[in-house]
Amino acid sequence: MDVLARKLPMQYRIAGTPLARLMDQAEVLERAIHELINEKRQEKETGKDVLSVLVEAAKIDGIEMNDTFLAAHAVILHAAAFITTASALAWTMYLIAQNPKFAAALHEEIKNNITDWPPTPETVEKLPFLDGLVRESLRLLPPVHHTMRTTTKETELLGVPLQTADRVVISAFMTHRDPAIFKNPTQFDPTRWFEGKPGPFQYIPFSAGPRLCLGYQFAMLEMKLVVIRIMQRFRMNVIPDSIIEADIRLTLRPVNGIPMVVNNPDGAFAASSVRGNINELVQN
Ligand code: HEM
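Residues numbered from 1 in each chain as written. Predicted model: local features only at pLDDT ≥ 70, side-chain atom pairs only at ≥ 80, totals over all residues.

**Points about the overall build of the chain**
Regarding its fold elements, the chain presents ten helices and eight strands. Taken across its 284 residues, the chain has 21% of its residues classed as buried. Within the chain, contacts between residues at least 6 apart in sequence are counted, and of these 66% link residues at least 24 apart. (Helix = DSSP H or I, 4+ residues; strand = E, 2+ residues; numbered from the N terminus. Buried ≥ 20, exposed ≤ 12 C-beta atoms within 10 Å, placed from the backbone. Contact = placed C-beta atoms within 7 Å.)

In structure tokens form, the structure reads like this:
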């Protein structure tokens, strides 16, 4: 925990302060992960979960990964892989439910094209409505709303001089709402993706360049498979009058979740009226 304390602006751990609470919780989490690492080491066969794979990787000659690193990787992967995908899927299911015309088109597309389970990645790739829906969800409500870069030397960006160690914020949220890149940017329209794709630095839910999300392809396939499975089995409706508030925490997420009802997959899609800032952020 020393590392964390050094990084935080307040170095002293005074009982009852938010920092002390954060440190207490971090220690509980760290202990739990160390116990899990030990459990994985006792297992006779290597499991397929990420932690088992990391524990195995640490044994490879030349890879220096002590238990502190292992625990740190496990936590970072949880945030990078799980929390992001959970936020994206929650928004995607919301947007499908609130846009009956596109929900019906997606339902048809899945019915006509997915006959086996699991479908091959190639089959999933060929579903334009599914692709447009997921991309549009990540455009309007990108879980990783912004990233940051620190300059390593003096430079200039669009005429603005930057000193060494200056921080530059890159906002996916703002970029994705630039009308010069996306016409009617607040409009939810999966069909805009049928007409060609923006440049790699204009659509950046997974960032771009050398630090592009490592799980980009995996996340897209995972989300599409989950949406397909849900659409095959259920019709989801948002509970009328729910308050849907997008909030910027670690990810851009629905702060109170998205209350939904699970129905039989009868194709009777219908939007519900909702309250909250989602009405300003997205036009259905
Ligand atoms: C919808 C889901 C996801 C979104 C929106 C997302 C977004 C991002 C973004 C924007 C970055 C760049 C962060 C930065 O530049 O500061 C990133 C990095 C990363 N992501 Fe994802 N991600 C998702 C899912 C995943 C999954 C499923 C995995 C792992 C299986 C993953 C692993 C990583 C890793 C390891 C990095 C760091 C890469 C590096 O710095 O070289 N992500 N992700």
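**Details of the nonpolar core**
Ranked by size, the top nonpolar core spans 33 residues in total, and within it Y94, I96, L106, L130 and L133 carry the most contacts. Among the elements of the structure, α4 (67-98), α5 (100-113), α7 (128-140) and α9 (216-233) are those that each provide at least two residues to this core. Looking at this core element by element, the count peaks at eight residues for α4. Leave out the neighbours within four places in its chain, and L130 touches L106, E109, K224 and V227. (Core = buried A, V, L, I, M, F, W, Y, C linked by C-beta atoms within 7 Å.)

**Some thoughts on α4**
For α4, with 32 residues, the first-to-last C-alpha span of 46 Å sits near the 46 Å given by 1.5 Å per residue. Where α4 bends most, the angle comes to about 25°, and this point is H78. (Expected span 1.5 Å × (residues − 1). Bend = angle between axes of the 7 residues up to and from the residue.)

**Considering the packing of α4 against α9**
For the pair α4 and α9, the least separation of the axes is 11 Å and the interaxial angle reads 40°. Taken together, the axis directions place α4 and α9 in an arrangement best described as oblique. The handedness of the crossing between α4 and α9 comes out as right-handed. Listed contacts from α9 to T85, A88, L89, T92 and M93 of α4 are A219, E222, M223, V226, V227 and I230. (Axes fitted to C-alpha atoms, helices over the stretch in contact; angles between N-to-C directions. Parallel < 35°, antiparallel > 145°, perpendicular 65-115°, else oblique. Left-handed = near helix turned anticlockwise from the far one by under 90°.)

**Some thoughts on the domain arrangement of the chain**
Along its sequence, the chain is carved into domain 1 (1-65) and domain 2 (76-281). Here the C-alpha centre of domain 2 lies 30 Å away from the C-alpha centre of domain 1. (Domains from an automatic or database assignment.)

**Some remarks on the site of the ligand**
As a matter of local geometry, the ligand sits amid 17 residues, with A81, T84, S207, C213 and G215 nearest to it. Those elements that place two or more of their residues in the shell around the ligand are α4 and α9. No other element matches α4, which puts five residues into the shell around the ligand. When its residues are assigned to classes, the shell around the ligand shows eleven nonpolar, five polar and one charged. (Near = placed C-beta within 6 Å. Nonpolar A, V, L, I, M, F, W, Y, C, P; charged D, E, K, R; others polar.)

**Some remarks on unusual backbone geometry**
Following W117, the chain continues to P118 via a peptide bond in cis, the omega torsion being -5°. Not every positive phi belongs to a glycine, and N184 is a case in point at roughly 40°. Inspection of the secondary structure assignment puts N184 in the loop between α8 (172-175) and α9. The class for N184 is exposed, based on 10 C-beta atoms found within 10 Å. Although it is not a glycine, S207 adopts a positive phi angle of roughly 65°.

**A short note on the packing of α5 against α9**
Angle between the axes and distance between the axes are the two parameters that describe a pair of packed helices. Two numbers describe how α5 lies on α9: the axes approach to 10 Å, and their chain directions differ by 95°. Between α5 and α9, the angle falls in the class roughly perpendicular. For the pair α5 and α9, contact is made by L106, H107 and I110 and by I228, M231 and Q232, respectively. Tallied by class, the residues present in the contact of α5 with α9 amount to four nonpolar, two polar and no charged.

**As for the environment of V50**
Position of V50 among the secondary structure elements: in helix α3 (residues 50-57). For V50, a count of 14 C-beta atoms within 10 Å translates into the label partly exposed. When the C-alpha positions of V50 and L77 are compared, they lie 8.6 Å apart, and in sequence the two are 27 residues distant.

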